[in-house]
Amino acid sequence: MAAIYSLFIINKSGGLIFYKDYGSTGRMDTNDTLRLASLWHSMHAISQQLSPIAGCSGIELLEADTFDLHCFQSLTGTKFFVVCEPGTLYMDGLLKMIYELYTDYVLKNPFYEMEMPIRCELFDLSLSQAIQKDRVALLGR
């Protein structure tokens, strides 16, 4: 069973710009992925405002019985979140690696328009390799 179920990238206005499913069961249709991305963006923004801690950056980890949701927000407001098996460790490092791939292959692509859906073959290929390396590393831990 895969440790990572899916990856979402949301732009600063809450629009889903990238989604990749890595699980084999419980696939969501397009409307459900859009709803989940929008809901997460809203919950993340509300948590920043309601937090009793000054300078809170929002929800970073949501733990449920059947999954964990790890989130990383860049300085520009783009959110990267991974849905994975409960108790999966080291997702912070993976999210930061995904952000580096995003900056290297998407933002530096002269044909990419900001805030638009990501259609970059090199990003997809590098992302698949990073996820595969992470799965292998998780098996060895």
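What you are looking at is a predicted structure, and each value in this text was computed from that prediction instead of being measured.

Caption draft 1: Representation of the overall build of the protein. Helix and strand content of the protein: three helices and five strands. Secondary structure elements of the protein occur, N-terminal to C-terminal, as β-β-α-β-β-β-α-α. Taking 2.2 N^0.38 as the reference for a compact globule, 141 residues should give roughly 14 Å; the C-alpha atoms of the protein span a radius of gyration of 15 Å, in line with that estimate. Over its C-alpha atoms, taken along the principal directions, the protein stretches across nearly 40 × 40 × 30 Å. Residues counted as buried form 39% of the 141 residues belonging to the protein. Relative to all contacts within the protein whose residues are 6 or more apart in sequence, the contacts with residues 24 or more apart total 49%.

Caption draft 2: Representation of the pattern of salt bridges in the model. Applying the stated rule across the entire model yields two salt bridges. Salt-bridge contacts for Asp32 lead to Arg35; the nearest nitrogen and oxygen are separated by 2.6 Å. Taken together, the residues Asp32 and Arg35, both in helix α1 (residues 30–50) and three residues apart, mark about one turn of the helix. Its relative accessible area of 51% is what places Arg35 among the exposed residues.

The rules behind the values
- Residues numbered from 1 in each chain as written.
- Predicted model: local features only at pLDDT ≥ 70, side-chain atom pairs only at ≥ 80, totals over all residues.
- Heavy atoms only, no water.
- Helix = DSSP H or I, 4+ residues; strand = E, 2+ residues; numbered from the N terminus.
- Rg over C-alpha atoms; globule rule 2.2 N^0.38 Å.
- Buried < 20%, exposed > 50% of the residue type's maximum accessible area, 1.4 Å probe, protein only.
- Contact = heavy atoms within 4.5 Å.
- Salt bridge = Lys/Arg side-chain N within 4 Å of Asp/Glu carboxyl O.

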